[in-house]
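Geometric and topological summary
What follows is each chain in one-letter form.
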Amino acid sequence: MNKNQEQQLITLFERYVEGFHEYNMQKVLSCYSLPCTLHTPDKIAYIDDESAFEQEFIDIFTVLKHASITKIVAIKASYQQRHNNSVDVCIDWLFYNDNNEVFTDFTAYYHIEHENNDNGNLGRIVSVVSHELQNSITLKNEISLG
């Protein structure tokens, strides 16, 4: 992966975090390729259209609003290019509430596929698997987010 592609990856996750901070459904959706899958310890969601995406993220945003999340921090992020046109990313997240207390911490594994289109070779999330922070791994290349 060259520096331009690495910067696109960083930009993707900066937009992703901004979307969560703003509770901006369209901004978060722009980071995903549909269909996609979201795996949490509680369930697996297969999202095949914008309506299903919206419903899933209304639920996520509701939890974050009720928890008064004010800060989202990536404490560790790494990636590894795959031999096909995709990238695996692992990010350890901390979500802070308005009392500056950690509301939740977890690690998330993202599978990113690149799309060749008019906007260049933009990566989008096709799958995310969330686990307890203790299950984090470090992939080949570390990056700094935020």
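Here is a short report on the structure shown in this document. Computed from a prediction, not measured in an experiment: that's the story for all the values here. (Residues numbered from 1 in each chain as written. Predicted model: local features only at pLDDT ≥ 70, side-chain atom pairs only at ≥ 80, totals over all residues. Heavy atoms only, no water.)

What follows concerns unusual backbone geometry. Cis rather than trans, the peptide bond between Leu34 and Pro35 has omega equal to 0 degrees. Topologically, Pro35 is positioned in strand β1 (residues 32-39). If you check the backbone angles, Ser68 has positive phi at about 55 degrees while not being a glycine. Counting through the fold element by element, Ser68 comes out in the loop between α3 (50-66) and β3 (69-81). A positive phi angle, near 60 degrees, is found at Asn100, a position not held by glycine. Along the chain, the position of Asn100 falls in the loop between β4 (86-97) and β5 (102-117). (Helix = DSSP H or I, 4+ residues; strand = E, 2+ residues; numbered from the N terminus.)

Quick look at the layout of surface pockets now. Here the largest pocket is characterised by a volume of approximately 800 Å³. What lines the largest pocket is a set of 29 residues, among which Thr40, Ile60, Leu64, Phe106 and Ser130 lie closest to the centre. The set of elements that each furnish at least two residues to the lining of the largest pocket consists of α1 (3-22), β1, α3, β4, β5 and β6 (120-131). Across the lining of the largest pocket, the residue classes break down as 18 nonpolar, five polar and six charged. (1 Å grid on protein atoms, 1.4 Å probe; cavity = no way out; pocket = protein on both sides within 12 Å on 5 of 7 lines; lining within 4 Å. Points joined across faces, edges and corners; volume = space filled by probe spheres on them. Nonpolar A, V, L, I, M, F, W, Y, C, P; charged D, E, K, R; others polar.)

So, on to α1. In this model, α1 (20 residues) spans 28 Å end to end at C-alpha, consistent with the 28 Å of a helix rising 1.5 Å per residue. When we look at burial in α1, the residues that qualify are Glu6, Leu9, Ile10, Leu12, Phe13, Tyr16, Val17, Gly19 and Phe20. Looking at the residues trailing α1, positive phi occurs at Tyr23, about 50 degrees. (Expected span 1.5 Å × (residues − 1). Buried < 20%, exposed > 50% of the residue type's maximum accessible area, 1.4 Å probe, protein only.)

Throughout the structure, instances matching the rule amount to six salt bridges. With its nearest N and O atoms 3.2 Å apart, the salt bridge here joins Lys27 to Glu22. Residue Glu22 is classed as partly exposed on the basis of its relative accessible area, which comes to 44%. Across the salt bridge formed by Lys76 and Asp92, the nearest N and O atoms sit 3.8 Å from each other. Taken together, the residues span a long stretch of sequence, with Lys76 in strand β3 and Asp92 in strand β4 at a distance of 16 residues. A network of salt bridges, in which partner residues are shared, links Glu18, Glu22 and Lys27. (Salt bridge = Lys/Arg side-chain N within 4 Å of Asp/Glu carboxyl O.)

Taken as a whole, this structure holds 13 aromatic pairs when the rule is applied. Centre to centre, the rings of Phe53 and Phe57 are 4.3 Å apart; their planes meet at 20 degrees, and the pair counts as stacked. Here Phe53 and its partner Phe57 are both found in helix α3, four residues apart, which amounts to about one turn of the helix. Take Phe53 and Phe57: they sit in the same class, and that class is buried. (Phe/Tyr/Trp six-rings, centres within 6.5 Å; stacked < 30°, edge-to-face > 60°.)

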